[in-house]
Amino acid sequence: SQQGEEDPQALSIQEGENATMNCSYKTSINNLQWYRQNSGRGLVHLILIRSNEREKHSGRLRVTLDTSKKSSSLLITASRAADTASYFCATGDTGRRALTFGSGTRLQVQP
Amino acid sequence: EAGVTQFPSHSVIEKGQTVTLRCDPISGHDNLYWYRRVMGKEIKFLLHFVKESKQDESGMPNNRFLAERTGGTYSTLKVQPAELEDSGVYFCASSQGDKSSPLHFGNGTRLTVT
């Protein structure tokens, strides 16, 4: 699998439900970030979690990080139609400055 | 604060032609990155500038790709000659600060090589 690989590739839910996306990575990291991309637009930073943190919250977002399993999850609670987008995890590897992205999860929230 | 801007938003060229993509980062951001996404796959790193210097160009696929950032402001990415597999969306991002600083992305340039 690839560094920063998201799972599932696509997710369709109803408004009001929770959406959970997972990310696995391979290398040692300093931090892990989640980004969102609306169709035809650039990526927008959502949240960052450092390697010594296990959980972080920001509004309706909850991110967990398990460095022993090299995995992270992004939970969006009480989803809205406006949350429809692609979500990418990106790892800040210890060996380099540039972030490593995965292939993303396409989330569709049905109104 | 103006965001990262990329030009053009779309480009359709024939195989063998040359295309130059431009990125204007957020003013004052020393770090500038180029990424590429091909056919819905992962967003792949191409290279990283710190001011006008190439910090990491390990992601550049081959010598048909040339990136510059003269004066440490805007950057250009030239593909010459373009091949079919170069098609994709090219993203530019900028940041200021340390490794944990978030990246600010442009809307990308969609390149189609026919």
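Just so we're clear, the structure is a prediction, and the values are computed from it rather than from any experiment.

(A) Summary view of the pairing of strand β9 (residues 88-95) of chain B. Residues and elements named next belong to chain B. Counted residue by residue, β9 has 8 buried out of 8 residues, so it is predominantly covered. Relative to β9, strand β4 (residues 31-37) runs antiparallel, the two sharing 7 bridges. Pairing of W34 across the sheet is with C92, part of β9. For β9 and strand β11 (residues 109-113), the ladder comprises 3 bridges, and the chain directions are antiparallel.

(B) Spatial organisation of the packing of aromatic side chains. For the coordinates displayed, the defined rule picks out 9 aromatic pairs over all chains. Look at F91(B) and F105(B): their rings are 6.2 Å apart centre to centre, the planes differ by 80°, and that puts the pair in the edge-to-face class. Here F105(B) lies in strand β10 (residues 104-105) and F91(B) lies in strand β9, a separation of 14 residues in the sequence. An identical accessibility class is assigned to F91(B) and F105(B); each is buried. Connected via pairs of aromatic rings, a cluster forms that spans Y35(A), F101(A), Y33(B), Y35(B), F45(B), F91(B) and F105(B). The residue whose ring lies beneath R22(B) is Y74(B), and the NZ or CZ to ring-centre distance is 3.8 Å.

(C) Structural context of the sheet that holds strand β1 (residues 5-7) of chain B. Residues and elements named next belong to chain B. Pairing is antiparallel in the open sheet, where 4 strands are placed in the order β1-β3-β8-β7. A strand with exactly one partner marks an edge of an open sheet, and here the two such strands are β1 and β7 (65-68). Put simply, the sheet's adjacent strands are angled 15° from each other on average, direction ignored. Relative to strand β8 (residues 75-79), strand β3 (residues 19-24) runs antiparallel, the two sharing 5 bridges. Bridged to T20 within β8 is K78.

(D) How the structure looks around empty space enclosed by the protein. In this structure the tally under the stated criterion is 1 cavity of 30 Å³ or more. What lines the largest cavity is simply Q33(A), R97(A), L99(A), Y33(B), S95(B), D98(B), K99(B), S101(B) and L103(B). Grouping the constituent residues of the lining of the largest cavity by class yields 3 nonpolar, 3 polar and 3 charged.

(E) Structural detail: the confidence of the model for chain A. Residues of chain A with pLDDT of at least 70 account for 96%, and the chain-wide mean is 92. Averaged over each element, pLDDT in chain A is lowest for strand β1 (residues 5-7) of chain A (80) and highest for strand β7 (residues 61-66) of chain A (98).

Calculation criteria
- Residues numbered from 1 in each chain as written.
- Chains lettered and ligands numbered in written order.
- Predicted model: local features only at pLDDT ≥ 70, side-chain atom pairs only at ≥ 80, totals over all residues.
- Heavy atoms only, no water.
- Buried < 20%, exposed > 50% of the residue type's maximum accessible area, 1.4 Å probe, protein only.
- Helix = DSSP H or I, 4+ residues; strand = E, 2+ residues; numbered from the N terminus.
- Pairing = 2+ DSSP bridges.
- Phe/Tyr/Trp six-rings, centres within 6.5 Å; stacked < 30°, edge-to-face > 60°.
- Lys NZ or Arg CZ within 6 Å of the ring centre and 35° of its normal.
- Axes fitted to C-alpha atoms, helices over the stretch in contact; angles between N-to-C directions.
- 1 Å grid on protein atoms, 1.4 Å probe; cavity = no way out; pocket = protein on both sides within 12 Å on 5 of 7 lines; lining within 4 Å.
- Points joined across faces, edges and corners; volume = space filled by probe spheres on them.
- Nonpolar A, V, L, I, M, F, W, Y, C, P; charged D, E, K, R; others polar.
- pLDDT = per-residue confidence, 0-100.

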